[in-house]
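# Descriptive analysis of the structure
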Amino acid sequence: MELLQLLSWACIVFTVGMFSTGLTDLKKMRESQSADNIQFLPFLTTCLNNLGWLYYGTLKQDQTIILVNIIGALLQILYIIMYYHYTKQKRLVMSETFAAGVVLTFGWLYFTVFLTEGDTRLSQLGLTCSVVTISMYLSPLTDLVEIVRSGNVQCLSFPLTVATFFTSTSWVLYGLQLNDSYIMVPNTPGIFTSLIRFYLFWRYASVNQSLPSYKSMQI
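Predicted model only: the values in this text are computed from it and were never measured.

Assignment of secondary structure puts Ser 34 in the loop between α2 (22-32) and α3 (41-60). In this structure Ser 34 comes out as buried when scored by relative accessible area, which is 13%. Look past the residues within four positions of Ser 34 in its chain and what remains in contact with it is Lys 28, Met 29 and Tyr 86.

The structure is reproduced here in structure tokens:
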């Protein structure tokens, strides 16, 4: 098996595994019949990110990117529907979903109507998706600072940290093989944030002897 094909399968398996961690939240919602203590925006932003990368993969004709983000988008849509079913703040969820739909519509019009086909469209779309992905990887840094202050890692998910590390690493290597900086660069922060979380687990594990009772975080 060629290295590129091996990395392709690694990206598919690890990324789908990372997206599937949301099933933990889904299980909690079904058991409690409530969406309390579950964050909605990560589902919504991840769905938008999946759709953006799906468009990028379609323009690039990359079957790996297409397959991963189709599965990812379908899972996030499932999470969104179930969250709406169980939440008490249905009006807020609807307004946030509507705002995301407006952003998605304007983005689609910009990239399909105002930009010419070819390298310009692909590069600008890749840059946009990269910025969104980097911001999603870096957004939990404030939470990590709070964990350092409190010394409590129970708000982190160790399985999700492992999945994020291997997912980011496989995509970086995949992008390196394709010489595609739009794939390689935005996934690099995922490696570093995962390593920080591994350190926090190691550093504060002795303080939290009641592990594992990790709360799944959509990171």
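With that settled, the discussion passes to the UniProt feature "transmembrane region" (unreviewed entry) in the chain. Taking the UniProt record as the reference, the feature "transmembrane region" (unreviewed entry) is found at residues 6-26, 38-58, 64-86, 98-116, 122-141, 153-176 and 182-202. With 86% helix and 0% strand, residues 38-58 has end C-alpha atoms that lie 32 Å from one another. The span residues 153-176 shows a helical share of 79% and a strand share of 0%, and its end C-alpha atoms are spaced 33 Å apart.

Turning our attention to the packing of helix α1 (residues 3-19) against helix α4 (residues 63-86). The contact between α1 and α4 brings their axes to 10 Å, and the two run at 5 degrees. As far as their axial angle goes, α4 and α1 are roughly parallel. Listed contacts from α4 to Ser 8, Cys 11, Ile 12, Thr 15, Val 16 and Phe 19 of α1 are Thr 64, Leu 67, Val 68, Ile 71, Gly 72, Leu 75, Gln 76 and Tyr 79. Looking at side-chain class alone, the contact of α1 with α4 contains nine nonpolar, five polar and no charged residues.

This part covers the packing of aromatic side chains. The geometry of an aromatic ring pair is captured by two quantities: the separation of the ring centres and the angle between the planes. As enumerated under the stated definition, the model contains 13 aromatic pairs in all. Both rings, one in Phe 158 and one in Phe 201, keep their centres 5.1 Å apart while their planes meet at 85 degrees; by these two values the pair is edge-to-face. Of the two residues, Phe 158 sits in helix α8 (residues 158-178) while Phe 201 sits in helix α9 (residues 181-204), which places them 43 residues apart along the sequence. Plain terms: the ring middles of Phe 165 and Phe 166 are 5.4 Å apart, the flat faces sit at 75 degrees to each other, and that makes the pair edge-to-face. We classify Phe 166 as partly exposed; its relative accessible area is 38%. One aromatic cluster in this structure is built from Phe 14, Phe 158, Phe 165, Phe 166, Phe 198 and Phe 201. Here Lys 90 stacks its cationic end above the ring of Tyr 84, 5.5 Å away from the centre of that ring.

Thresholds applied
- Here the residue numbering is sequential within each chain, running from 1 through the sequence in written order.
- At least 70 in pLDDT is required for a residue's local features to be given in this predicted model, at least 80 for side-chain atom pairs to be given and counted, and no such filter applies to totals for whole chains, interfaces and linings, which use all residues.
- Hydrogen atoms and water are omitted, and side-chain values are computed over all heavy atoms in the structure.
- Put simply, DSSP marks the helices as runs of H or I at least four residues long and the strands as runs of E at least two long, and each gets a number from the N terminus on.
- For every residue, the accessible area obtained with a 1.4 Å probe (protein chains only) is divided by the maximum for its type, and the residue is called buried under 20%, exposed over 50%, and partly exposed between those limits.
- Here a residue-residue contact requires only that any non-hydrogen atoms of the pair lie within 4.5 Å.
- UniProt positions are given in the numbering used here, feature names are shortened, and annotations may be inferred rather than shown by experiment.
- Every angle, taken between N-to-C directions, lies between 0 and 180 degrees, and every axis is a line fitted to C-alpha atoms, over only the stretch in contact when it is a helix.
- Relative orientations are named as follows: roughly parallel for angles under 35 degrees, roughly antiparallel for angles over 145 degrees, roughly perpendicular for angles from 65 to 115 degrees, and oblique for any other angle.
- In this count, Pro and Cys sit with the nonpolar residues alongside Ala, Val, Leu, Ile, Met, Phe, Trp and Tyr, while Asp, Glu, Lys and Arg are called charged and the others, Gly among them, polar.
- Centre distance within 6.5 Å is the pairing criterion for rings of Phe, Tyr and Trp, where only the six-membered ring of Trp is used; planes under 30 degrees apart are then read as stacked, over 60 as edge-to-face, and the remainder as tilted.
- Distance and angle both matter: a charge sits over a ring if NZ of Lys or CZ of Arg is within 6 Å of the ring centre and within 35 degrees of the ring normal.

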